[in-house]
Amino acid sequence: MALVTAAVVVLDCAEPEKLAAFYTELLDARQTDAGSNRVEIKGADGMRMAFRRDVNITPPSWPRPENAFQVHLDFHVDDLDEAELKVIGLGGRPLETKGEPGPYEERGYADPAGHSFTLRGARSTAPKQG
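The rules we used
- Residues numbered from 1 in each chain as written.
- Predicted model: local features only at pLDDT ≥ 70, side-chain atom pairs only at ≥ 80, totals over all residues.
- Heavy atoms only, no water.
- Helix = DSSP H or I, 4+ residues; strand = E, 2+ residues; numbered from the N terminus.
- Buried < 20%, exposed > 50% of the residue type's maximum accessible area, 1.4 Å probe, protein only.
- Contact = heavy atoms within 4.5 Å.
- Pairing = 2+ DSSP bridges.
- Axes fitted to C-alpha atoms, helices over the stretch in contact; angles between N-to-C directions.
- Salt bridge = Lys/Arg side-chain N within 4 Å of Asp/Glu carboxyl O.

**Quick word on the side chain of Thr-24**
Logical step 1: Note that Thr-24 resides in helix 1 (residues 16–26).
Logical step 2: Note on Thr-24: relative accessible area 19%, which makes it buried.
Logical step 3: If sequence neighbours within four positions are ignored, Thr-24 has contacts with Ala-29 and Ile-41.

The structure is reproduced here in structure tokens:
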């Protein structure tokens, strides 16, 4: 039996209810616990996240150096363009649109509270048509 197991990724934010709603929609999750200062969700794939109220938080500023990376999340997607439309529709914003060359295409975003995350999709191996 493992001494330590992964439990919950917790993001500090000013408005946990709003940030939980963003990730609940993005991850097709459900709320599992809520209090006055913390909301927890569980994604369809079992990923658990919580959002803790911190009224004095300074939002991340990536890519600027001050407060740049407080946390970074990666999510795998089948269709980057479709996932990007969902992120933007839910109130997220693009940080970068081109990833580094390699076996995966990545795009960076910020959630409504400013936390950065990456959508990563497998590159197509099929030749381009036309």
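**So, the sheet that holds strand 3 (residues 38–42)**
Logical step 1: Pairing within the open sheet is mixed, and its four strands lie in the order 1-4-3-2. Among the strands making up the open sheet, the edge pair consists of strand 1 (9–13) and strand 2 (30–34). Averaged over all neighbouring strand pairs, the angle between strand axes comes to 25°, with direction disregarded.
Logical step 2: With four bridges connecting them, strand 2 and strand 3 associate as antiparallel partners.

**A closer look at the pairing of strand 4 (residues 48–53)**
Logical step 1: With five bridges joining them, strand 1 and strand 4 adopt parallel strand pairing. Counterpart to Cys-13 in the pairing with strand 4 is Arg-53.
Logical step 2: Sheet analysis places strand 3 next to strand 4, joined by five bridges and oriented antiparallel. Opposite Lys-42, over in strand 4, you have Arg-48 as the bridge partner.

**Notes on the pattern of salt bridges**
Logical step 1: Taken as a whole, this structure holds nine salt bridges when the rule is applied.
Logical step 2: With a shortest N-O distance of 3.3 Å, Glu-15 and Lys-18 are connected by a salt bridge.
Logical step 3: You can call Glu-15 partly exposed: its relative accessible area is 43%.
Logical step 4: Between Arg-120 and Glu-106 there is a salt bridge, and its shortest N-O distance comes to 2.4 Å. A residue pair is termed long-range when its members are at least 10 positions apart, and Arg-120 in strand 8 (residues 116–122) and Glu-106 in strand 7 (residues 104–110) qualify at 14 residues.
Logical step 5: Through salt bridges with shared partners, one network takes in Asp-81, Glu-84, Glu-105 and Arg-107.

**A closer look at helix 1**
Logical step 1: Listed as buried for helix 1 are Pro-16, Leu-19, Ala-20, Phe-22, Tyr-23, Thr-24 and Leu-26.
Logical step 2: Just downstream of helix 1 lies Asp-28, where phi reads positive at about 50°.

**A word on the environment of Ala-50**
Logical step 1: Its place among the elements puts Ala-50 in strand 4.
Logical step 2: For Ala-50, a relative accessible area of 0% corresponds to the buried category.
Logical step 3: In the structure, Ala-50 is positioned 41 residues away from Val-9 in sequence and 6.2 Å away in space, judged by C-alpha atoms.
Logical step 4: If near-sequence neighbours (up to four positions away) are discounted, Ala-50 is found in contact with Val-8, Val-9, Val-10, Leu-11, Arg-38, Val-39 and Glu-40.

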